[in-house]
Amino acid sequence: MKHFPIYLSMTDTRIVLSGGGAAALAKLRLLLKTEAQIDVYAPTPAPEIVQWAEQSRLTLVSRPLMLEDLTNAKLVYAADEDPSVDARTQALAVKAGVLLNVVDNLKDSDFITPAIVDRDPVTIAIGTEGAAPVLARALKADLEERLPPRLGFLARIGKSFRKAADALPMGRRRRDFWADYYFTAGPRISNQDDAHEKLQELLTQHLEARDRAGHVQFVGAGPGDPELLTLKARKALDTADVVIHDRLISPEILELARREATLLDVGKHGFGPSTPQEDIDALIVEHAQQGAQVVRLKSGDPTVFGRLDEEIEACDAAGVSWSIVPGITAASASVASIGQSLTKRGRNGSVRFLTGHDMQGFADHDWRTLAMPDQVAAIYMGKKAARFVQGRLLMHGATPDTAVTVVESASRSNQRVLSTTLSNLPNALATAAFDGPALMLLGLHPRAACALVLDPMKQELA
Ligand code: SAH
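The following refers to the structure shown. What you see is a predicted model; the values in this text were computed from it and never measured.

Rules and cut-offs
- Residues numbered from 1 in each chain as written.
- Predicted model: local features only at pLDDT ≥ 70, side-chain atom pairs only at ≥ 80, totals over all residues.
- Heavy atoms only, no water.
- Buried < 20%, exposed > 50% of the residue type's maximum accessible area, 1.4 Å probe, protein only.
- Helix = DSSP H or I, 4+ residues; strand = E, 2+ residues; numbered from the N terminus.
- Pairing = 2+ DSSP bridges.
- Axes fitted to C-alpha atoms, helices over the stretch in contact; angles between N-to-C directions.
- Contact = heavy atoms within 4.5 Å.

## A short note on helix α13 (residues 330–337)
Among the residues making up α13, those that are buried are A331, A333, S334, V335 and S337. Among the residues trailing α13, G339 stands out with phi positive, at a value near 70 degrees.

Here it is, written out as structure tokens:
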């Protein structure tokens, strides 16, 4: 950051501007919105400047700027649009020790004026350090459109009401009141004179409201790419008091949680250290009983190998309300990355989701059916079970050249794809040394057009 945005107090402040043409006018239009006293030095001022002087909105001196004019000035603008005159203003500013802006000249300026979205007292400054004025204008236009014109009015009334709102306990209840004011009740106030009274009514409602009951949302975080979150998942993260998440959740997704939310990692690794399930159940229930909006964030879809039912039963037993927000499961993200379908007319009319290991160890399945031609299965938690799966399938008659694709970190920037056959699977996996979450797709090779995403090791391994 070469320029640091700050908000400068304009109370009892003098700003000096040298220039009387188009550039001077553009800057003055902005400066006139402030409380500062503005002194313009211009031998030939534009008619608007003369008019503003007549309305006492600024003072106009019809001669060039002199050193003594800069005494007590906080800022000076060189806006003559003439390099030699601007250089002279710059020299004076340096001598007087006043911060200088040379219009359209980033290099010689001490400060620059951002694009401003003005909903006084709410102001948004947009700066691109001169890199992209078009982008700054587009951002400004976008924000102008999005922010209600009366936002400034609501903020001013809100400010005068802050003390009264302190009657609500700090934290969620007070936040809820303000959110209600700015986004629901406030915009509906039609008559400005009623604003205070309406705000008082709203406060009374909130003061009388019984403590909101806690609630648990079991939310699917998808395979890792934040863009694969559902809108509902985003909303849940946006309003959560507590987010209890697995280790597989990517940091970019945790970033989206409300800034004040408590984040609890109850990481569970396939074979590694983990928080016991009963402790997780207890944690969820405990926070909900304290009235928190709890998001239990699970990778992929919460209903797929997520031990969801145990957590739901714990909620039911404690009388805590809950709901499920589905997510994109790893199988969907993995087939998408290799351009294949989970089911295909004429090939497989059903698909299985299997786990490579369960609580007892390697999981047993209907290997005889799985070993038949054209079967498609998504094997979760299968890396360590690869040799076991291979052995069972071959034993039940699967052909050694059955296609197997392993997708590591599907949808994430470090995604890797390994395309191999059943006979090569354990060796190929050992060579690839995947250390991220990986899904095995039995019966599928990547579509040729997706060759780009293939692991370079494939050539050696094939
Ligand atoms: N509920 C999750 C699955 C949890 S079990 C879902 O619906 O996706 C954990 C297993 O999911 C991992 O061992 C791995 O096999 C798979 N997995 C999760 N995220 C993955 C990803 N981004 N890429 C590949 N596999 C993933």
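Having put the structure on the table, let's press on.
## Topic: the sheet that holds strand β13 (residues 352–355)
A sheet is described by the order of its strands in space; here five strands give the open sequence β13-β16-β19-β17-β18, paired in mixed fashion. Of all strands in the sheet, those with a lone pairing partner are β13 and β18 (416–421), marking the two edges. Direction aside, neighbouring strands of the sheet carry axes that sit 20 degrees apart on average. Relative to β18, strand β17 (residues 403–408) runs antiparallel, the two sharing six bridges. Its bridge partner lying in β18, V407 is registered against V417. Along the sheet, α13 makes contact with β13, β16 (377–380), β17, β18 and β19 (438–442), crossing β19 at roughly 70 degrees.

## Topic: the sheet that holds strand β12 (residues 321–325)
Within the open sheet, the five strands sit side by side as β10-β9-β11-β8-β12. Their pairing is parallel. Two strands close off the open sheet at either side, each with one partner strand: β10 (262–265) and β12. When the angles between neighbouring strand axes are averaged without regard to direction, this sheet yields 20 degrees. Examined bridge by bridge, strand β8 (residues 215–220) and strand β11 (residues 293–298) share six bridges and lie parallel to one another. The partner of Q217 across the bridge, within β11, is V295.

## Overview of the pairing of β19
Where burial is concerned, most of β19 is hidden: five out of the five residues are buried. Residue alternation in β19 divides its side chains into two sets, A438, M440 and L442 and L439 and L441, and both sets are buried. Where β16 meets β19, three bridges bridge the pair, whose relative direction is antiparallel. Counted as the bridge partner of A377 is L442 from β19. Bridge count for β17 against β19 is five bridges, and the pairing is antiparallel. Paired with V404 across the strands is L442, a residue of β19.

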